[in-house]
Amino acid sequence: MNPAPFLDIRKASKDFGAGPVLDGVDLAVARGEFISLLGPSGCGKTTLLRIIAGLAAADGGSVTLDGQDISRLPPHRRDVGVVFQNYALFPHLTVAENIAFGLRAKGAPAAEITATVERFLTLIHMAAFADRSVRALSGGQQQRVAVARALATKPKLLLLDEPFSALDRKLRETMQIDLRRLLRELGTTAIFVTHDQDEALIMSDRIAVMNRGRIEQLDTPEAIYARPATPFALEFVGLSTRIAGTVTAYDPAGLVTVETSLGSLRSRGRFEVGSPVLLGVRPERIAFGAAGGENVVAPVLSDIVFQGARIQAHFASPDQRPVMIETSGALPAGLTAGSPVTISFAVEDTIAYPLAAA
Ligand SMILES: Nc1ncnc2c1ncn2[C@@H]1O[C@H](COP(=O)(O)OP(=O)(O)OP(=O)(O)O)[C@@H](O)[C@H]1O
Ligand SMILES: [Mg+2]
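Residues numbered from 1 in each chain as written. Chains lettered and ligands numbered in written order. Predicted model: local features only at pLDDT ≥ 70, side-chain atom pairs only at ≥ 80, totals over all residues. Heavy atoms only, no water.

### Some remarks on the packing of helix H4 (residues 139-151) against helix H5 (residues 169-186)
Then, in step 1: At a closest axis distance of 11 Å, the pairing of H4 and H5 adopts a crossing angle of 15°. One way to sum up the angle between H4 and H5 is to call them roughly parallel. Once H4 is placed against H5, the crossing between them reads as right-handed. Where H4 approaches H5, its residues Gly 140, Gln 143, Arg 144, Val 147 and Leu 151 are matched on the opposing element by Leu 171, Met 175, Leu 179, Leu 182, Leu 183 and Leu 186.
Then, in step 2: Counted by class, the contact of H4 with H5 contains 8 nonpolar, 2 polar and 1 charged residues. (Axes fitted to C-alpha atoms, helices over the stretch in contact; angles between N-to-C directions. Helix = DSSP H or I, 4+ residues; strand = E, 2+ residues; numbered from the N terminus. Parallel < 35°, antiparallel > 145°, perpendicular 65-115°, else oblique. Left-handed = near helix turned anticlockwise from the far one by under 90°. Contact = heavy atoms within 4.5 Å. Nonpolar A, V, L, I, M, F, W, Y, C, P; charged D, E, K, R; others polar.)

### Description of the side chain of Ser 275
Then, in step 1: Inspection of the secondary structure assignment puts Ser 275 in the loop between strand E13 (263-268) and strand E14 (276-281).
Then, in step 2: Take Ser 275: its relative accessible area is 18%, and that puts it in the buried class.
Then, in step 3: Polar contacts involving the side chain of Ser 275 include one to the main-chain carbonyl oxygen of Glu 272, which spans 2.6 Å.
Then, in step 4: Contacts of Ser 275, omitting those with residues within four sequence positions, involve Gly 245, Thr 246 and Val 247. (Buried < 20%, exposed > 50% of the residue type's maximum accessible area, 1.4 Å probe, protein only. Polar contact = N/O pair within 3.5 Å; in protein donor to acceptor, adjacent residues only side chain to side chain.)

### Structural notes on the site of ligand 1
Then, in step 1: Taken together, the residues surrounding ligand 1 are Phe 16, Val 21, Pro 40, Ser 41, Gly 42, Cys 43, Gly 44, Lys 45, Thr 46, Thr 47, Glu 162 and His 195.
Then, in step 2: Between ligand 1 and Ser 41 there is a distance of 2.5 Å, counted from an oxygen atom to a side-chain nitrogen or oxygen.
Then, in step 3: Measuring from an oxygen atom of ligand 1, one finds a side-chain N or O atom of Thr 46 at 2.8 Å.
Then, in step 4: Out of a free accessible area of 630 Å², ligand 1 has 55% covered by protein chains.
Then, in step 5: By residue number, the principal contributor to the shell around ligand 1 is helix H1 (residues 45-53), which donates 3 residues. (Near = heavy atom within 4 Å. Areas by Shrake-Rupley, 256 points an atom, 1.4 Å probe, with all protein chains shown as cover.)

Take a look at the structure:
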């Protein structure tokens, strides 16, 4: 028997008056899990976090945390810590006072406060900054203090709303690794909002891909990358080559033949003959030449993009969808933009999705 989820959100819905912002969201999170909410701007990520924290009222649905229905509790009684994008530290307080704030408010004994503050100062590598005003900190340092302040009261759940978005890339990468390590050490369950897919892939036990107020897929980063459940998940997480076509043959073993503008391709899938479908392939699963698999096409090369460790080749696509290869190896000699190049990929790496008829 599966244990009940630590955090159990059922049918959370919200409408500010212009249509549903959350459309009956279900989300079950295990104790100690790190979940990312990943989705485009406006899809409802912050709204969902605010409902979990009690900072916004849902129109319907329930939030259960550690066996207790917290849907109607005020924020301070939910045992949920929150870190916002803009840190929101208390500017007139020092680093140590900021971290101590929640424990003081709870009336914790002085000795416990001192010990906890010291522990967190060490955990966030800021022991030397205890007495400094938070106004005299860098963005990354402020962000670490905000995380420590939220964790010092040992909340059952930590919610983070794009906490790293204001930081430069190098610092963001360090913070991602540090936060992950810190939460593992403390065993804290966390929900992390981001619209940065790399951040979600790096950090998460599972990712909830959100679109228009719904979770389209909740799965491990590996599974979401290898088997996106919907065209949106395919498009939003990672790069992909996408080719539209029409099913011309269907084999009950679960293979379809699809006629596309680049030629006939095969994929796993169950569709009736005549169905419009979208085929997706990860660009690193496509090879130059004909040896990469049964699906062989020769699109016209349009551009080579150097990306450091990787190189992308982009091809002309009749329907504006991307057709690209990504390789960490060397490019074949003699590639010329404007000329067709033979490329190939395996049937197993080709995913078919239903496509609304145009
Ligand atoms: N208080 C509010 N009143 C009216 N509409 C709101 C309110 N808060 C959010 N919305 C609307 O709800 C939708 C979802 O907003 P939300 O802040 O949850 O998006 P998000 O996924 O966090 O986006 P972003 O990545 O830009 O932060 C948006 O269309 C937004 O305009
Ligand atoms: Mg937001």
